[in-house]
Amino acid sequence: MRKQTCASCLDTADDGVIIILNNIMNSTDNTTPLSTGSSRHYVVKAAPRVTASGNPISLSDDDEQPILMEAKLREIITSVNHLIISNQELDTALLDDHDDDLLDALKENEDLIHRKVFEATSLAAKLNKHGVHISLADKITQYDGSLVLKKMEEEKKKDQTEKNGGNGIYL
């Protein structure tokens, strides 16, 4: 199990987090009281994760469990599609009026989309090795990039060309 800690806690514990409960007596099956001074501390133990057949799920074995990999892939696909919709809306807003905060969000989303598509492609390849064939072409919305960012890149290249004195580079 991972060792977890709570920002407002005084101590850490394996298999859970110590929670400070002042003058509250709330004990359930998965809490264990600790005796430390005047306040009451409880260790909340995480319930073991098991499959439908009752086999334990290890967090380190995600690469060997196609069901978890497929769920992760579905989560990534949903995230990418929402990011694409968000970027399309940001593009529309930025075409009407320039806003630096929106532009920053657009750039961050653009980078995140590329990283998540790569991650989805990698996961799909791993699933393919397990015999689960998934095509991403019909699941991820077609996105050619931000129009605003493309315009900015073209203007930047144009400015560089003019700055260098026209066509070519002179040494």
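These numbers come from a predicted model, not from an experiment. (Residues numbered from 1 in each chain as written. Predicted model: local features only at pLDDT ≥ 70, side-chain atom pairs only at ≥ 80, totals over all residues. Heavy atoms only, no water.)

1. Points about the confidence of the model for the protein
Thought 1: For the protein, mean pLDDT is 76; residues scoring 70 or higher make up 67% of the total.
Thought 2: pLDDT under 50 marks residues 1-31. Its contacts with residues more than four places away, or in other chains, come to 61 contacts. (pLDDT = per-residue confidence, 0-100. Contact = heavy atoms within 4.5 Å.)

2. So, the packing of helix α1 (residues 66-96) against helix α3 (residues 147-163)
Thought 1: Running from N to C, α1 and α3 point in directions that differ by 55 degrees, and their axes come no closer than 8 Å. Of the possible angle classes, the one that applies to α1 and α3 is oblique. When α1 is examined against α3, the residues D91, L94 and L95 are found in contact with a partner set consisting of L147, V148 and K151.
Thought 2: When grouped by side-chain class, the residues that make up the contact of α1 with α3 number four nonpolar, no polar and two charged. (Axes fitted to C-alpha atoms, helices over the stretch in contact; angles between N-to-C directions. Helix = DSSP H or I, 4+ residues; strand = E, 2+ residues; numbered from the N terminus. Parallel < 35°, antiparallel > 145°, perpendicular 65-115°, else oblique. Nonpolar A, V, L, I, M, F, W, Y, C, P; charged D, E, K, R; others polar.)

3. Section: the nonpolar core
Across soluble globular proteins, you tend to see nonpolar side chains buried next to one another.
Thought 1: If you look at the biggest cluster of nonpolar residues, it comprises 15 residues, and the most contacted ones within it are L73, I84, A120, L136 and I140.
Thought 2: For this core, the element with the most residues is α1, which contributes seven residues.
Thought 3: Ignoring anything within four residues of it in the chain, the contact list for A120 reads L73, I76, L136 and I140.
Thought 4: The next biggest cluster of nonpolar side chains, apart from the first, holds six residues, and it includes L94, L103, L106 and L149. (Core = buried A, V, L, I, M, F, W, Y, C linked by side-chain atoms within 4.5 Å. Buried < 20%, exposed > 50% of the residue type's maximum accessible area, 1.4 Å probe, protein only.)

4. Concerning α1
Thought 1: Counted at 1.5 Å a residue, the expected span for α1 with its 31 residues is 45 Å, and the 45 Å between its end C-alpha atoms agrees.
Thought 2: Taken residue by residue, α1 has M69, L73, I76, I77, V80, N81, L83, I84, N87, L90, D91 and L94 as its buried positions.
Thought 3: In this structure, the buried residues of α1 make contact with α2 (100-129) and α3. (Expected span 1.5 Å × (residues − 1).)

5. Some points on a negative patch on the surface
Thought 1: A cluster of acidic residues, D96, D97, D99, D100, D101, D104, E108 and D111, forms a negative patch on the protein surface.
Thought 2: A total of five residues in the negative patch trace back to one element, the largest contributor, which is α2.
Thought 3: Tracing the backbone through its elements, the reader meets E108 in helix α2. (Patch = residues over 30% accessible without salt bridge, like charges linked within 9 Å, V, L, I, M, F, W, Y side chains within 5 Å. Areas by Shrake-Rupley, 256 points an atom, 1.4 Å probe, with all protein chains shown as cover. Salt bridge = Lys/Arg side-chain N within 4 Å of Asp/Glu carboxyl O. Lys, Arg positive; Asp, Glu negative; His and termini not counted. Charge placed at Lys NZ, Arg CZ, Asp CG, Glu CD.)

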